[in-house]
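Secondary and tertiary structure notes
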Amino acid sequence: MRKIKIFIPIFVILLLIAAYTAPFIKTSEQISDDVFRLHILANSDEEYDQALKLKVRDAVLEKGRDIFINCSSLDEIIEACKDNIGLFEDTAERCVAENGFDYPVKAYVDEEFFNTREYEKITLPSGVYNALKIEIGQAKGHNWWCVMFPAICLSAVCEDEINEVLDEKESALISKNQKYEIRFKIVEIYERIKASLSGKGE
């Protein structure tokens, strides 16, 4: 009975949010369906662990450059990541060892909830995204993320790259625009509740 009492107001909130921002939410969810992300979690927030995280990032991106160069769709990059997951894990482990640490490393492709994030000239709405996730050691430190498809973090940041994949509405939404700030926050609340109910929340 208590679960029902909790669920009803949550359901009502979802309905109200959805009714108010339905078109914005729909476009946001289309973006999360089109984008693939890289997510690396450091062992801890100690300075040396955060520095190691960035070295692992560089090694993984360098290894991925040749693998993803011919990928032209989200499905292709997901498949390429899954086919080479052992290679990414070995690359990260080797980088960790070369820097004098013995942390275990885990790499896998997953659907993961992200908050609203800003990246250079674009803002990505919150939602559940496909991602290559790399956990270093206890994975309790601050994370690092970027967009792997379109290939923003494999080369110089370029809005044209992501605009080639997203449609006009999606491209307009991610461009820095203050009038969207409140709606981004509403979408974040909506997506957080939705992800929590589906078991994909933080």
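Residues numbered from 1 in each chain as written. Predicted model: local features only at pLDDT ≥ 70, side-chain atom pairs only at ≥ 80, totals over all residues. Heavy atoms only, no water.

**As for the overall build of the protein**
Looking only at helices and strands, one finds seven helices and six strands in the protein. Walking the protein from its N terminus toward its C terminus, one meets helices and strands in the order α-β-α-α-α-β-β-β-β-β-α-α-α. Taken as a whole, the protein presents about 11200 Å² of accessible surface, with 51% of it coming from carbon and sulfur. (Helix = DSSP H or I, 4+ residues; strand = E, 2+ residues; numbered from the N terminus. Areas by Shrake-Rupley, 256 points an atom, 1.4 Å probe, with all protein chains shown as cover.)

**A closer look at the nonpolar core**
Formed by 28 residues in total, the largest nonpolar core has its most connected members in Phe36, Leu38, Val56, Ile77, Ile134 and Met148. Broken down by secondary-structure element, the contributors of at least two residues to this core are β1 (36-41), α2 (47-68), α3 (74-83), α4 (85-98), β2 (105-114), β5 (127-136) and β6 (143-149). Counting residues in each nonpolar core, the second largest holds nine residues, with Val35, Phe114, Ile122 and Tyr129 among its members. (Core = buried A, V, L, I, M, F, W, Y, C linked by side-chain atoms within 4.5 Å. Buried < 20%, exposed > 50% of the residue type's maximum accessible area, 1.4 Å probe, protein only.)

**Focus: the confidence of the model for the protein**
The predicted structure's coordinates, where accompanied by low pLDDT, should not be read in detail. When pLDDT is averaged across the protein, the result is 79; 65% of the residues are at 70 or more. Looking across the protein, the model is least confident in helix α5 (residues 159-163), with a mean pLDDT of 53, and most confident in α4, with 97. Every residue in residues 154-159 is under pLDDT 50, and counting partners more than four places away or in other chains gives 12 contacts. (pLDDT = per-residue confidence, 0-100. Contact = heavy atoms within 4.5 Å.)

**A look at unusual backbone geometry**
At alanine 139, a position not held by glycine, the phi torsion is positive, near 55 degrees. Assignment of secondary structure puts alanine 139 in the loop between β5 and β6. Residue classification places alanine 139 among the buried positions, given a relative accessible area of 17%.

**Re a negative patch on the surface**
There is a patch of like negative charges on the surface, built from Asp75, Glu76, Glu79 and Asp83. As for its placement among the helices and strands, aspartate 83 is situated in helix α3. (Patch = residues over 30% accessible without salt bridge, like charges linked within 9 Å, V, L, I, M, F, W, Y side chains within 5 Å. Salt bridge = Lys/Arg side-chain N within 4 Å of Asp/Glu carboxyl O. Lys, Arg positive; Asp, Glu negative; His and termini not counted. Charge placed at Lys NZ, Arg CZ, Asp CG, Glu CD.)

**A look at the packing of aromatic side chains**
Considering all chains together, one arrives at four aromatic pairs under this definition. Between the aromatic rings of phenylalanine 101 and tyrosine 103, the centroid separation amounts to 5.2 Å while the plane-to-plane angle is 20 degrees, which identifies the pairing as stacked. A residue is classified by how much of its surface remains accessible, and tyrosine 103, at 18% relative accessible area, is buried. In textbook terms, an aromatic cluster arises when at least three aromatic residues are bridged by ring pairs, as seen for Tyr48, Phe101 and Tyr103. Residue placement shows arginine 57 over the ring face of tryptophan 144; its charged tip is 5.0 Å from the ring centre. (Phe/Tyr/Trp six-rings, centres within 6.5 Å; stacked < 30°, edge-to-face > 60°. Lys NZ or Arg CZ within 6 Å of the ring centre and 35° of its normal.)

**Some words on the pairing of β1**
Judged by how many residues are buried, β1 sits mostly within the fold: six of six residues are covered. Because side chains alternate across β1, one face comprises the buried residues Phe36, Leu38 and Ile40, and the other comprises Arg37, His39 and Leu41, equally buried. Bridge count for β1 against β5 is six bridges, and the pairing is parallel. Paired with leucine 38 across the two strands is leucine 132, which belongs to β5. Summarising the sheet, β1 and β6 pair through six bridges and their orientation is antiparallel. Pairing of arginine 37 across the sheet is with valine 147, part of β6. (Pairing = 2+ DSSP bridges.)

**What about the sheet that holds β1?**
With mixed pairing, four strands are arranged side by side in an open sheet as β2-β5-β1-β6. The open sheet is flanked by β2 and β6, the only strands paired with a single partner. Across the sheet, the mean angle from the axis of one strand to that of its neighbour is 25 degrees, orientation sign disregarded. Against the sheet, α2 engages β1, β5 and β6, with an angle of about 10 degrees to β6. Docked against the sheet, α3 engages β1, β2, β5 and β6, running at close to 35 degrees with respect to β1. (Axes fitted to C-alpha atoms, helices over the stretch in contact; angles between N-to-C directions.)

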